[in-house]
Amino acid sequence: MHALPLRGTRGCAYRRSRYSSPEEQGSEVLAKAPRSKKTAPKSPAEDSEFALHSLQDAFEQDSRFKASKEQLLDFYKQMLLIRRFEERAGQLYGLGLIGGFCHLYIGQEAVAIGLQSALDGDKDSVITGYRDHGHMLAYGIDPKVIMAELTGREAGISKGKGGSMHMFSTEHKFYGGHGIVGAQAHQYNDDGGFCLAYFGDGAANQGQVYETMNMAALWKLPIVFVVENNQYAMGTAVGRSSAETEFHRRGTAFRIPGMDVNGMDVLEVRQAAEIAFKHVREGKGPVLMECNTYRYRGHSMSDPAKYRTREEVQDIREHKDPIEAIKKVLLENGSTEDELKAIDKDIRKTVTEAADFAEISPEPEPGELYTDVLVGEY
Ligand SMILES: Cc1ncc(C[n+]2csc(CCOP(=O)(O)OP(=O)(O)O)c2C)c(N)n1
Ligand SMILES: [Mg+2]
């Protein structure tokens with residue numbers, strides 16, 4: 001069986017060498033480069049106070065978000081909506097109602113919900129790869145519109161032209177839904193917001209990711225890079241494709257602080273979001289966050305996932321499932337099984353309505369092929 005690290009809960013493994021704080025490095029460095037905290041360094045290279053582990057240290061001191069009962073319920077509902085939506089999407093694909101590719105987000109729900117629940121919807125933007133249904137649902141967008149997109153209908157969020165892989169909502173500052181993995185960085189608009197740029201463990205091995213990190217750090221761009229490490233890139237396990245499987249360390253060369261997060265725990269992800277988002281909002285430059293998670297289904301609907309054992313998946317489902325984890329917290333906080341069952345029933349109804357809507361909605365007119373292909377501004 002492939003040894004799954006599913007890290008994020010272990011102690012901080014950063015080496016405190018030349019990137020340690022001046023206090024840690026001793027008086028020699030202190031004498032060389034005392035810097036007033038008020039003066040922003042011209043470039044990251046001049047920042048003698050840079051510490052790769054700085055955010056991780058703060059995170060590990062208090063790594064779980066203190067959610068109110070209402071917030072806990074909200075996280076549960078949103079994660080369950082993604083789960084039930086994706087299960088239904090899988091069925092619709094099986095029935096031939098979804099054409100093209102279809103990549104499900106089952107197992108990874110805590111990542112999108114933990115992070116996006118901390119965004120400022122008026123300012124912050126999101127960009128991601130093709131495994132994007134969950135990120136769209138995290139905005140609270142009507143599931144009908146998303147399901148209609150999957151089935152290529154006019155009522156879909158990209159008017160049926162994007163399908164599963166290319167969903168956009170400029171209204172929500174959600175810029176995709178991209179097939180070319182790893183090219184998901186976003187330029188600074190000087191609007192006070194920041195960009196959450198998701199990519200996978202496989203995408204993280206491409207050169208342009210590091211070109212992007214270099215420029216983002218040099219220009220101190222407000223961006224949080226999130227590696228959704230779901231342990232596989234198509235059929236290749238991380239350990240077989242990545243020389244450095246601790247993706248949060250990969251910003252070291254650019255002086256981008258890293259965070260190692262348990263992506264199966266929505267409260268941890270949300271707490272990490274609080275710390276990382278504060279950092280970028282304060283103009284301190286990019287953060288590289290690794291969320292350790294797992295996808296239960298194959299890479300796409302056409303992948304039988306023969307490269308791993310059923311036991312491996314079952315083990316994660318039984319012991320690490322993000323929805324079961326939040327359910328446990330809710331039950332400990334006074335929710336009842338009946339209450340949670342009623343929520344599930346409601347969500348199933350919403351998803352059935354979305355699927356019915358998608359099935360009966362008309363397809364776009366052929367003329368739609370020529371609209372929104374090139375945009376003047378966005
Ligand atoms: C630039 C580029 N190279 C290769 C591909 C083919 N491809 C599609 S998905 C994928 C694996 C991506 O894995 P990962 O980044 O871990 O994302 P996950 O599917 O696990 O969410 C590859 C190599 C592509 N779409 N774009
Ligand atoms: Mg992956």
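Quick notes on the rules
- Throughout this description, residue numbers start from 1 for each chain and increase along the sequence as written.
- All chains are assigned letters beginning with A, and all ligands numbers beginning with 1, in the order in which they are written.
- In keeping with the predicted nature of the model, local features appear solely for residues at pLDDT of at least 70, side-chain atom pairs appear and are counted solely at 80 or more, and the whole-chain, interface and lining totals rest on all residues.
- Every axis in this analysis is a line fitted to C-alpha atoms, fitted for helices over the stretch in contact. Angles between the N-to-C directions lie between 0 and 180 degrees.
- Elements are defined by DSSP. Helices are runs of H or I of four residues or more, strands are runs of E of two residues or more, and each kind is numbered from the N terminus.
- Left-handed describes a crossing in which the near helix is turned anticlockwise from the far one by less than a right angle; the clockwise case is right-handed.
- We call two residues in contact when their backbone-placed C-beta atoms lie within 7 Å.
- Residues are sorted three ways: Asp, Glu, Lys and Arg are charged, Ala, Val, Leu, Ile, Met, Phe, Trp, Tyr, Cys and Pro are nonpolar, and all the rest, Gly among them, are polar.
- Buried Ala, Val, Leu, Ile, Met, Phe, Trp, Tyr and Cys residues form a nonpolar core when they are connected through C-beta atoms within 7 Å.
- Backbone-placed C-beta atoms define the burial measure: a residue is buried with 20 or more other C-beta atoms within 10 Å of its own, exposed with 12 or fewer, and partly exposed in between.
- We treat two strands as partners when DSSP finds at least two bridges between them.
- Crossover handedness is defined here as right-handed if the route from the first strand over the helix to the second strand goes clockwise, with the strands pointing away from the viewer.

A. Examining the packing of helix α5 (residues 109-116) against helix α10 (residues 266-281) more closely. Direction vectors running N to C along α5 and α10 enclose 35°, while the axes themselves pass 8 Å from each other. Here α5 and α10 pass one another in a crossing that is right-handed. Taking contact as the criterion, the partners of A110, V111, I113, G114 and L115 in α5 are, on α10, V266, V269, R270 and A273. By residue class, the composition of the contact of α5 with α10 is seven nonpolar, one polar and one charged.

B. Main features of unusual backbone geometry. In this chain, G176 is followed by G177 through a cis amide linkage whose omega measures 20°. With phi around 60°, K173 is a residue other than glycine that occupies positive phi space. Assignment of secondary structure puts K173 in the loop between α7 (143-150) and β2 (174-177). Unlike most non-glycine residues, M234 shows phi in positive territory, near 50°.

C. Fine view of the nonpolar core. Within the largest apolar cluster, 84 residues are counted, with the highest numbers of intra-cluster contacts made by M79, V224, V226, A276 and M289. Per-element tally for this core: the top contributor is helix α4 (residues 69-94), with 10 residues. Discounting residues that sit within four places of it in the chain, V226 has contacts with L115, L196, A197, Y198, M289 and C291.

D. Representation of the pairing of strand β4 (residues 223-229). The element β4 is largely enclosed, with a buried count of seven among its seven residues. Burial along β4 is two-sided: the face carrying I223, F225, V227 and N229 and the face carrying V224, V226 and E228 are both buried. With six bridges connecting them, strand β3 (residues 195-200) and β4 associate as parallel partners. Its bridge partner lying in β4, F199 is registered against V227. The handedness of the β3 to β4 crossover, carried by helix α8 (residues 207-218), is right-handed. Bridging between β4 and strand β8 (residues 287-292) involves six bridges; their strand directions are parallel.

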